[in-house]
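Tertiary structure, described
Here are the chains, one letter per residue:
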Amino acid sequence: MQKVVKKLYLPPSPALYVGAVEGGGEWALVQSGYFSNGGTSSDTIQVTLSNPVGSGNLVCIAVASAGQKDDITITDDKGNTYAARANVATYGDFRFATFSKLNLTNGPVTFTATFSDSRQYASILVDEFSGAETTASLDKNAMQAQAGMGTGANAVTSGSQTTTADGELIWG
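Residues numbered from 1 in each chain as written. Predicted model: local features only at pLDDT ≥ 70, side-chain atom pairs only at ≥ 80, totals over all residues. Heavy atoms only, no water.

By size, the foremost hydrophobic cluster in this structure holds 19 residues, and its most contacted members are Ile-61, Val-63, Ile-74, Phe-111 and Ile-124. Listing elements by their share of this core, those giving two or more residues are strand S4 (42–48), strand S5 (57–66), strand S6 (72–76), strand S8 (94–104), strand S9 (110–119) and strand S10 (122–130). Those residues in contact with Ile-74 that sit more than four places away from it in its chain are Ile-61, Val-63, Asn-80, Thr-81, Tyr-82, Phe-99, Thr-112, Ala-113 and Ile-124. (Core = buried A, V, L, I, M, F, W, Y, C linked by side-chain atoms within 4.5 Å. Buried < 20%, exposed > 50% of the residue type's maximum accessible area, 1.4 Å probe, protein only. Helix = DSSP H or I, 4+ residues; strand = E, 2+ residues; numbered from the N terminus. Contact = heavy atoms within 4.5 Å.)

Here the focus is the environment of Asn-106. Structurally, the position occupied by Asn-106 is in the loop between S8 and S9. The sequence separation of Asn-106 and Gly-79 amounts to 27 residues, and the corresponding C-alpha distance is 9.5 Å. Asn-106 has contacts with Lys-78 and Asn-80, leaving out every residue within four places of it along the chain. Separated by 3.0 Å, the side chains of Asn-106 and Asn-80 make a polar contact. (Polar contact = N/O pair within 3.5 Å; in protein donor to acceptor, adjacent residues only side chain to side chain.)

By the element assignment, Arg-119 lies in strand S9. Judged by its relative accessible area of 1%, Arg-119 falls in the buried class. In this structure the C-alpha to C-alpha distance between Arg-119 and Asp-43, which are 76 residues apart in sequence, comes to 5.8 Å. A polar contact is formed between the side chain of Arg-119 and the side chain of Ser-65, at a distance of 2.6 Å. Among the polar contacts listed, one links the side chain of Arg-119 to the side chain of Asp-117, at a separation of 2.7 Å.

Residues Ile-72, Ile-74 and Asp-76 of S6 are buried on one face, while the alternating residues Thr-73 and Thr-75, pointing to the opposite face, are not. Bridge count between S6 and S9: 5 bridges; the pairing is antiparallel. Each residue of the ladder has a partner; that of Ile-72, found in S9, is Phe-115. (Pairing = 2+ DSSP bridges.)

The subject of this paragraph is the sheet that holds S6. If you trace the 3 strands from one edge of the open sheet to the other, you get S4-S9-S6, paired in antiparallel fashion. Of all the strands in the sheet, just S4 and S6 have a single pairing partner and so form its edges. On average, each strand axis in the sheet is inclined to that of its neighbour by 20 degrees, with strand direction left out of account. Here S4 pairs with S9 via 6 bridges, running antiparallel. Within S9, the position partnered with Thr-44 by the bridge is Thr-114. (Axes fitted to C-alpha atoms, helices over the stretch in contact; angles between N-to-C directions.)

What follows is the structure in structure tokens.
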């Protein structure tokens, strides 16, 4: 089992850790992309991957922003929209949300987060995974935001989840 810690950084705050990816079974992380606007005020941010998303693959997206409104939408350069997961975690004035789309077939490369208002600090992280069942829906969703990795009882965690099948991707 591999473990890769992902973080979204919003200066001038400390690094804000969103969780971890644990892959088992046939899952494979294909590529990742990250962008932060670094304090430039904008109502959109985007990231471009190195290669088009492979046919049938899963894309998971995490967005972090400073601001009080939760209205965030995700689109890509091929016109796909991405389902928001059920939760938005907060840490102070920062908002965190996750999105996903299963079984992409038209090879998007650029992903755009659009906010309901201008955000001075915003980041987007896009992960592409191969090995997903093309007809399965995502099983569980949980999220935790905090100001650092922590240790022991203070370690970053999105809580425990019981999956319904073996070999599921856990992406937090």
